[in-house]
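Geometric and topological summary
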Amino acid sequence: MDTDMKLVSKSLLFGSCFLSVFCSWAIPRLTLRQDDSRHQIIYNRNVSHTVFCLRNGSGNLLLGKLNSVLELNDDGVLENFTLTDNRGDFCDGSSCENVITVIEELQDWLFVCGTNGKQPMCWKLDSRKNNRSSLVVEIIDGSGISPYTDSQNSLSLVVDGDLYAAAPLYLEGTSLQFRRQAGNRNKLWMYDPWITEPTFVSAFVANRPEDPMNEKIYVLFREKNSDNSPEADPWISRVARVCKVDKGGPKISLQYIWTSFLKARLVCAIRGESLYFNRLQDIFVLHSDDWKKSRVYALFSSSWNATAVCVYSLAELDDVFENSSFKEYNEDIPNPRPGTCVMDSRSLPIHTLHIVRNYPEMTDWVHPIQKHDPLYISNNNYTKIAVDKVQASDENIYSVLLLATDTGTIHKILEHDSKAFIISETSLCNGSAPVLSMKLHSEKRKLFVGYPGQMSVLDLRRCQDYNTSCEDCVLARDPYCAWTENGCTSNIKGGIQNIATGEPHVCSINSAPKRLKRDVPSSFPTHPIVHTVPKGFPFYLSCPIDSHHATYSWEHRRESKPCQRTQSDCLYLIPAVSAHDYGTYSCVSRERNYNKMVKVYELHGPTEPRTPSRAFKLTAQKVILLAVFTALIFSVH
C-alpha cells in the first residue's frame, strides 16, 4: 500500500513539475474583450443549463433555456416558443420549471424536450405554421430522452430520421444508457453490464454515401474504472460503436438490444512518462467527405490538474474495432465478426451474439495521431472545444481550436505542424462565469457561447484587433486575417500572412501596401508624454502590454532598462529622480525580430526653486507613490 501511494505522489509531483516547464510558454499572445451589446442576448434571469441547435438551411440558431426556445438570426430574436406542461407530482417551487435539454430537427418537425418539473416531456413542433395555437403537433413522454433535472447527464443525436439519446430512465438518475428512441427504425437498448456509471460526452455518425449499410454511430463517454488500485484513475475514457442498420437480436439473445455494440479505451497520454489524461470532457469532429479522413479532437482533464487535446484519425479508430482481439476472449473469432453491420441482425449466429454480449471490449487501445504526446497540454481548466477549418491566403487549410475555460474566456488556438499556438484569449462577459454550451457556425465564422446570464457571439474574424500595422497583423498568425491596403482584414485573398512562423519580415519582402489613412491609428506614438518631475521625487513610467509573447524594455540614454510586468502593463520605477534620469524614455516591444515603440515619455526638471513646504509635500507624495507601485507589483504575484 505504501508503495502504491508513493507512485501516486510521484505521478502528481512529476505532473506539476512537467507543467511548470512545458506550459510556461503556452500563454495567449493577446488578451481581448468583446462585450458589445450587438453580440449578446441578455436573459431576464440566470439559468443553469442551455442547449443550442443550428437549423438546417437557414443557419438560424435555436437556443433552449428555461421554459422556452428562442430562434435567432443575425438581426436578433425571430421567435420565442414557450413550452410548459408541469403535470408531474414530483416538483415543488423552482423544480417545476421546464429546463429545455434537447433540440433536434427530427423528420419534418422541430423536436424539443425538457425536464418539465421532473416529469420529462417532448414536443413535436411545426415551426412552419404561422398560427401559434397549432404550433405543437404532439406531446410525448420524454423518459430516456430528456433527464429529470438539468444536472443529470444526457445527450441526443438525429441520424436519417431516427432519434438516438442517452438519459436516465428514472428520477434517481439510474438506467443511463445510449438508446435508439424514436423514428423510422425500431427502438434499441444497451445491455446493462456493458458500461459502469457512465457519463456520456458526445455521439456522431460517420456518413458513407457509397456504403450506407456500413455507416456507424460512435459514442464517446467515460465510465468508472474497474481497476480499484490506488494509483489508478477512478475514471476511464471510452469510444463505442454501433451499426446504424442494427435491428437487435432474435428472441433468444439480445432482442431489442444492440447486436453491434463494441467499446475501446480512448488514450491521451504523455507516453514516455506514463502520465494519462483519463477524463474525457468534450469532443469535436472535423468531418471529411471521405469518412476515413475525418478527425476527432478530444478534450481531456486529469487527476493532476492539467488538460490536454488529443487528435484521432477516424480510420485508425475504426481499425481497432475491425482488427483487435476481444478482451479476455481467447477462442476463435466467428464469421461474421462481432460488430459487423449486416442487413438483418436478427439472423446473426448465436456465437457472434455471445461475444458481443459478454466480451464487447477491444484488447487494443485507440491512440491519437501523435503517438507520444498530446497536441496541446495546459494548466488551464478547459471545459469545451470546437474546431474550425480555415483556408489562408497561401491556400493551405489550417485548423483553429476554440477552447472554453472554466472562467468563461475563449482561447483561440492555431494548430500548425502538430503544434499549438494560442492566438488570443477573449472575454465575452463581465466577470467569471461558466460556459454552459458552445456551438460553432463555421459558414458564418461565429461561435455561440451560452453563459448563465447571457448568450454571446464571438466573431472569429476580429481582424481589427491586429490593425495597427502589417507586422502586427502577421505576428497574430490568425488564418482569418491578412494585411491589405485596407488594413488587417478578413478578405484575405492576395493579402499578406505568415501563418507558419509569424515572422513579420514578409511585410518588407512583399512591399506591404500602405493602408488608407482615414481608418487608422498610427502604430507609433506621435508625440511624447511630457512630465516635469523634481529631483529626489519617485516616479514610475507605464506602457500597455499588447502582446504577451513580446519582451518589453525601457530605452533611455542608449541604455536598455527592464520593466516590471503586470498583467496589462510594463512598469519602470525611478525611486528618486536625479539629473541623469531626465530625458527621453521609450517603451519598446520586441517580438520575432520586430521592434515597436509603444510609448514615449519626456522627463524634465522644474525651473522654480523648491521651498520647504514643497519638499515636505514631495516626501509625502514619495511615500504614497512607492506604496501604490508596490501594490501594483504584488497584485501580479
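In this text the structure is predicted, and so the values were computed from the model without any measurement.

We now examine the nonpolar core. Counting residues in each nonpolar core, the largest one holds 38 residues, and the members touching the most others are L402, I410, M438, L447 and V449. In terms of residue count, the dominant contributor to this core is strand β25 (residues 397-405) (four residues). Not counting residues within four places of it along the chain, the set of residues in contact with L447 comprises A386, L402, I410, M438, K439, L440, S456, V457, L458 and L460. Residues I283, C310, Y329 and I377 belong to the second largest nonpolar core, which totals 35 residues.

Confidence along the chain averages 88 in pLDDT terms, with 86% of residues attaining 70 or more. Long-range and interchain partners of residues 516-523, a stretch whose pLDDT sits below 50, account for ten contacts in this model, where long-range means more than four residues apart.

A few words on the sheet that holds strand β38 (residues 569-574). Here three strands make up an open sheet; going across it, the order is β34-β38-β37 and the pairing antiparallel. The two strands at the open ends of the sheet, each matched to only one other strand, are β34 (539-544) and β37 (564-565).

If you walk through the whole model with that rule in mind, you get twelve aromatic pairs. Taking 6.0 Å as the distance between ring centres and 10° as the angle between the ring planes, the aromatic pair formed by Y164 and F178 counts as stacked. Residue Y164 is found in strand β12 (residues 162-168), and its partner F178 is found in strand β13 (residues 176-182); the two are separated by 14 residues along the sequence. Grouping residues by exposure puts Y164 and F178 together as buried. Among the aromatic residues, ring-to-ring pairing joins Y164, F178 and W258 into one connected group.

Moving on to the side chain of R222. Along the chain, R222 falls in strand β15 (residues 216-224). For the buried R222, which has no salt bridge, the nearest side chain bearing the opposite charge is D233, at an N-O separation of 8.1 Å. In this structure the side chain of R222 is engaged in a polar contact, spanning 2.5 Å, whose partner is the backbone oxygen of L280. Beyond its immediate sequence surroundings of up to four residues, R222 is in contact with E197, P198, T199, V201, I236, S237, R279, L280 and Q281.

Conventions and cut-offs
Residues numbered from 1 in each chain as written. Predicted model: local features only at pLDDT ≥ 70, side-chain atom pairs only at ≥ 80, totals over all residues. Heavy atoms only, no water. Core = buried A, V, L, I, M, F, W, Y, C linked by side-chain atoms within 4.5 Å. Buried < 20%, exposed > 50% of the residue type's maximum accessible area, 1.4 Å probe, protein only. Helix = DSSP H or I, 4+ residues; strand = E, 2+ residues; numbered from the N terminus. Contact = heavy atoms within 4.5 Å. pLDDT = per-residue confidence, 0-100. Pairing = 2+ DSSP bridges. Phe/Tyr/Trp six-rings, centres within 6.5 Å; stacked < 30°, edge-to-face > 60°. Lys, Arg positive; Asp, Glu negative; His and termini not counted. Salt bridge = Lys/Arg side-chain N within 4 Å of Asp/Glu carboxyl O. Polar contact = N/O pair within 3.5 Å; in protein donor to acceptor, adjacent residues only side chain to side chain.

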